[in-house]
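Commentary on secondary and tertiary structure
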Amino acid sequence: MSNADAAAGTGDTGDTGGAGASGADDAAARMGTLSELVAYHNHRYHELDDPEITDGDYDLLVRELRRLEAEHPDLVVEGTASQDVGGAPSSLFAPVVHSVPMQSLDNAMSAEELTAWGQRVARALPDETVRFVCELKIDGLAMSIRYEAGRYVQAATRGDGRTGEDVTANVATIGVVPKQLVAAKGAPVPEVVEVRGEVYLPVASFERMNEEAAAAGERLFVNPRNAGAGSLRQKDPSVTAKRDLAFWVYQLGEVVGGPPLARHTDSLAFLRALGFPVNPEVKVFESLEDVAAHCVHWQQHRHDLDYEIDGVVVKIDDVEQRTRLGSTSRAPRWAIAYKFPPEERTTVLRDIQVSIGRTGRATPFAMLEPVFVGGSTVGVATLHNEDQVRAKDVRPGDTVIVRKAGDVIPEVVGPVVSMRPRGTKPWTFPTTCPGCGTELVRLEGEADTRCVNPACPFQRDQRVIYFASRGAMDIEGLGERTVAQLTSTDPPLVRDAADLYSLDAEALLQLEGFGQVSADKLVAAIDGSRTRPLPRLLTALGVKHLGPAASQALATEFGTLDAVMDAPAEELADVEGLGPIIARSIATWCSLEANRDFIDRLRAAGVDFGVPVPRTPKAPQVLAGKAVVVSGTLEGYTREEAEQAIIARGGKSPGSVSAKTYALVVGDSPGASKVTKAEAAGIPILDAAGFAHLLETGELPDAD
């Protein structure tokens, strides 16, 4: 089977069940094809650590095969790939037969499938109370580690579930894996303890590895899971030792001489007491509704962690109930993995093009065969810069891995080299600007290539788009297509953002797609932007290096745009959070006659330039180095005023709660997720009186 054949059929498929002999023949043929595909990709993933398709594409293949097997049980062939747990052991390592088989887990891809599993459990355990244990599904490499008389003696991969690979020397280099067990409270170390867990590569370590690979001109690693698996399965353990691998334990295997453990939570406590690293994000719930809410929470917060997760594992806590539920040939009936929507999929890269930003930066981007990933259909993805394209060596015609995580801009992770069409050549960065034809320039020591023509039409349009964007003047309805229409008329209706304020409905009605209602709505949105606060206006100017945080600091310090324009670079640099580079950029921008003319036209249009502030001494820096999050409405403060009060005292006021948060200040109608996260992490929660005390002293008020 060729590589191209092996990757075929990874998309959604229609009904192949059919009716009669023809339908059965079609189903049998498709089942045979799918079984070959699943086996092929199992081999690449589990044995070669070099997958050609993403987990999301693989899951689609397996689910289709199992659906057809359920519809046509008479066509199921013994030993089909749908029943496999992993991959055959590699010949690079000695085989290890697991004393207790390492099973896989069935997957739930939606809340409905999770509910269906819960209903099956309830039918099997009628009128019984069931406790569910939820653990994060670590995206790593399953591992079995054996101890005899408390001493580390063997580590083996899962392999095919029955026989794995002996990686004892490699796992011994992982610092968090105990080499000698400590006695648990009230119980000696068992004669034999075999534990199951996941070896993984922390995200920070993965990013550092790719930085080093890029600096050396080497091929980048695709994701932490593949990089971690490849790091572990090295013939030379000294290579593994350099890769910062880590380990979470989540299950007991064979145990000889251990204490009776009636619940899974008891076994986790026992493992902690022996010195094993157990993931702290373990929760117990009495209802499946709470389990589903927990899964949704981690789907939304999966990137808050320094390790990759791709779902939540739900287990029955009671060991005796587990025994009665039993297992299928490949998976226990007492557990299920709730899988998050895939954030990586494979698709075809049609072309590589270059966009020109508002500062002239030339950014390569990929035109893709549209693919559904990360909750939306993606047809365009960033390639960052020239060096990234060269390091990844992606080429038009390649099958590529596309990643979209949350609100992050979709990116091309890398190519599937084994599927590259013959005759392709490395893509080369253009030498001239696609907007104006000016020669592109890359200064020594910089990663970015730029168009240095300030009159470039691409730069002009992007400056207007940025001015109107949500984080700046927030002019609803003024997107890329409309801006292009406004700047391409003859003569142009808009030459720069100041011209927006002279537009009227009559002018907009000349443009395709505008009626009276839409024209009036856009004019009203532009008019409403005149009163945006000064930090937004400063951001909207598009000064290089000047983002929202620095704009807020400038507005607090100087009060008006005129005061910022007149301040020398040295005075700007003294503002907290700016520094000399941003200060020089602002001073240079403000010194240019064209920019001062632009500011005067905004003034004439009635744009709010702020209110002068008395130059008073700085508030005592009692919150220096502390992050205080504000949620809800506090009496006497707008949200921005509360955040600025924190910043004025040397603190930071991020928009979300994290492990670094010093305190959460809660007013009326706070965000429920922030409060929940703060409570779970033990972060102090303050009311208005506590906030006043914090601002005055920098300390938390005494607990009642």
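For the structure itself, look to the data block above.
Residue positions are counted from 1 within each chain, in the order its sequence is given. Local features in a predicted model are, by the rule used here, given only for residues with pLDDT of at least 70; side-chain atom pairs are given and counted only at 80 or more, and totals for whole chains, interfaces and linings are based on all residues. Derived side-chain values reflect all non-hydrogen atoms in the structure, with water molecules and hydrogen atoms excluded from consideration.

Focus: the overall build of the protein chain
Rules: By definition, any uninterrupted DSSP run of H or I lasting at least four residues is a helix, any uninterrupted run of E lasting at least two residues is a strand, and each is numbered from the N terminus. When accessible area is computed with a 1.4 Å probe and restricted to protein chains, residues below 20% of their type maximum are described as buried, those above 50% as exposed, and intermediate ones as partly exposed. Whether two residues touch is decided by their heavy atoms; if any such pair falls within 4.5 Å, the residues are in contact. A positive count includes Lys and Arg, and a negative count includes Asp and Glu. His and the chain ends are not counted in either. To locate a charge, take atom NZ for lysine, CZ for arginine, CG for aspartate or CD for glutamate.
A count of helices and strands for the protein chain gives 25 helices and 21 strands. When the backbone C-alpha atoms are referred to their principal axes, the protein chain occupies close to 80 × 70 × 50 Å. Expressed as a percentage of its 704 residues, the buried residues of the protein chain come to 47%. Long-range contacts, defined here as pairs at least 24 residues apart, represent 67% of the contacts in the protein chain between residues at least 6 apart. For the protein chain, the centre of its 70 positive side-chain charges and the centre of its 100 negative side-chain charges are spaced 3 Å apart.

A short note on the pairing of strand 10 (residues 309-316)
Our working definition: Here, a strand pair is defined by DSSP locating no fewer than two bridges between the strands.
Counting buried positions along strand 10 gives 8 out of 8 residues, so the element sits mostly inside the fold. Here strand 10 pairs with strand 11 (residues 335-339) via 5 bridges, running antiparallel. Each bridged residue has a counterpart across the sheet, and for Val314 the counterpart in strand 11 is Ile336.

A closer look at the pattern of salt bridges
Our working definition: A side-chain nitrogen of Lys or Arg and a carboxyl oxygen of Asp or Glu constitute a salt bridge if their distance falls within 4 Å.
As enumerated under the stated definition, the model contains 34 salt bridges in all. Close ionic contact of Asp496 with Arg601 constitutes a salt bridge, the shortest N to O distance being 2.6 Å. With Asp496 in the loop between helix 14 (480-488) and helix 15 (505-508) and Arg601 in helix 22 (residues 593-604), this pair connects stretches of sequence that are 105 residues apart. What emerges from the salt-bridge pattern is a single network uniting Arg302, Glu308, Glu343, Glu344 and Arg403.

Details of the nonpolar core
Here is the rule we go by: In plain words, nonpolar cores are sets of buried Ala, Val, Leu, Ile, Met, Phe, Trp, Tyr and Cys residues tied together by side-chain atoms within 4.5 Å.
Judged by nonpolar contacts, the single largest core of 54 residues is most densely connected at Phe467, Leu500, Leu537, Leu541, Leu554, Ile586 and Leu602. Sequence-distant contacts of Leu554, that is, excluding residues within four places in its chain, are made with Leu538, Leu546, Gly559, Val564, Leu572, Val575, Leu578 and Ile586. Core analysis: the next-biggest nonpolar cluster, separate from the first, contains 31 residues, Val167, Val177, Val249 and Leu268 among them.

Describing the sheet that holds strand 21 (residues 685-686)
Test applied: Only the stretch in contact is used when fitting a helix axis, every axis being a line fitted to C-alpha atoms; angles between N-to-C directions are given from 0 to 180 degrees.
Spatially, 19-20-21 is the arrangement adopted by the 3 strands of the open sheet, whose pairing is parallel. Each having just a single partner strand, strand 19 (627-631) and strand 21 make up the two edges of the open sheet. By the bridge criterion, 2 bridges tie strand 20 (residues 661-666) to strand 21 in an arrangement that is parallel. Note on strand 21: the bridge partner recorded for Leu664 is Ile685. Along the sheet face, helix 24 (residues 672-681) touches strand 19, strand 20 and strand 21 and points at about 140° away from the line of strand 20.

Here we look at a nonpolar patch on the surface
Using the following cut-off: Exposure above 30% relative accessible area and the absence of a salt bridge qualify a residue for a patch, where like charges join within 9 Å and nonpolar side chains (Val, Leu, Ile, Met, Phe, Trp, Tyr) within 5 Å. In this description, accessible areas are obtained by the Shrake-Rupley approach with a 1.4 Å probe, and a residue is regarded as covered only by the protein chains that are shown.
On the surface, a cluster of nonpolar side chains totalling about 250 Å² of accessible area is made up of Val441, Leu443 and Val452. Checked against the element boundaries, Leu443 lands in the loop between strand 17 (440-441) and strand 18 (449-451).

Description of the side chain of Asp317
In this structure, Asp317 sits in the loop between strand 10 and helix 11 (319-325). If we skip the residues at most four places from it in the chain, Asp317 touches Arg131, Val133, Ala262, Arg263, His264, Thr265 and Arg322.

Points about the packing of aromatic side chains
To keep things clear, this is the line we draw: Any Phe, Tyr or Trp ring, taking Trp's six-membered ring, that has another such ring centre within 6.5 Å forms a pair; planes under 30 degrees apart are called stacked, those over 60 apart edge-to-face, and the others tilted. Geometrically, a lysine NZ or arginine CZ counts as sitting over a ring once it is within 6 Å of the ring centre and also within 35 degrees of the ring normal.
One pass over the full model with this rule turns up 10 aromatic pairs. Summarising the aromatic geometry, the rings of Tyr147 and Tyr152 are spaced 5.9 Å apart at their centres and angled 70° between planes, so their arrangement reads as edge-to-face. The buried category is assigned to Tyr147, whose relative accessible area is 1%. Under the relative-accessibility criterion, Tyr152 is labelled buried at 10%. Taking 6.0 Å as the distance between ring centres and 10° as the angle between the ring planes, the aromatic pair formed by Tyr200 and Trp248 counts as stacked. With a gap of 48 residues between them, Tyr200 in strand 7 (residues 192-200) and Trp248 in strand 8 (residues 246-256) connect regions that are remote in the sequence. For the pair Tyr200 and Trp248, one class covers both residues: buried. Put simply, the rings of Tyr147, Tyr152 and Phe276 touch in pairs and so form one group of aromatic residues. It is Arg322 that lies over the ring of Trp334; its NZ or CZ is 4.0 Å from the centre.

Section: helix 14
Along an α-helix, residues three or four apart share an orientation, since each turn contains 3.6 residues. For helix 14, the full list of buried residues reads Thr482, Val483, Gln485, Leu486 and Thr487. The inward-facing, buried residues of helix 14 contact helix 13 (457-468), helix 15 and helix 16 (516-528).

Some remarks on the packing of helix 21 (residues 579-591) against helix 22
Condition: Note on terminology: angles under 35 degrees are roughly parallel, angles over 145 are roughly antiparallel, angles of 65 to 115 are roughly perpendicular, and the others are oblique. Residue polarity follows a fixed list, in which Ala, Val, Leu, Ile, Met, Phe, Trp, Tyr, Cys and Pro are nonpolar, Asp, Glu, Lys and Arg are charged, and the others, Gly among them, are polar.
Close contact between helix 21 and helix 22 brings their axes to 5 Å; oriented N to C, the two are set at 80°. By the angle class used here, helix 21 and helix 22 are roughly perpendicular. Seen from helix 21, the contacting residues are Trp589, Cys590 and Ser591; seen from helix 22, they are Glu593, Asn595, Arg596, Phe598 and Ile599. Looking at the contact of helix 21 with helix 22 residue by residue, the classes come out as 4 nonpolar, 2 polar and 2 charged.

Examining a negative patch on the surface
A surface patch of like charges, here negative, comprises Glu207, Glu211, Glu212 and Asp306. Its location among the elements puts Glu207 in helix 6 (residues 203-215). Accessibility expressed as a relative area gives 44% for Glu207, which makes it partly exposed.

What about the sheet that holds strand 5 (residues 151-157)?
Here 4 strands make up an open sheet; going across it, the order is 5-4-7-8 and the pairing antiparallel. Both edges of this open sheet fall to strand 5 and strand 8, since each of them pairs with a single strand only. Taken over all neighbouring pairs, the strand axes of this sheet differ in orientation by 25° on average, direction set aside. Here helix 9 (residues 264-274) sits on the sheet in contact with strand 7 and strand 8, set at roughly 110° to strand 8.

Considerations on the environment of Pro654
By the element assignment, Pro654 lies in the loop between helix 23 (639-648) and strand 20. For Pro654, a relative accessible area of 31% corresponds to the partly exposed category. Residues Pro654 and Glu643 lie 11 residues apart in sequence; the distance between their C-alpha atoms is 8.6 Å.

Concerning helix 21
Under the convention used in this document: Helix span, as expected, comes to 1.5 Å for every residue beyond the first. Here the arc refers to the directions that run from the helix axis out to each C-beta atom.
An ideal rise of 1.5 Å per residue puts 18 Å on 13 residues; helix 21 measures up with 18 Å between its terminal C-alpha atoms. The complete set of buried residues in helix 21 reads Gly579, Ile582, Ala583, Ser585, Ile586, Trp589 and Cys590. Along the axis of helix 21, the buried positions cluster into a sector of 160°, meaning they face one direction only. Among the exposed residues of helix 21, those pointing more than 90 degrees away from its buried face are Ile581 and Ser591. In this fold, the buried residues of helix 21 make contact with helix 18 (548-558), helix 19 (561-566), helix 20 (569-573) and helix 22.

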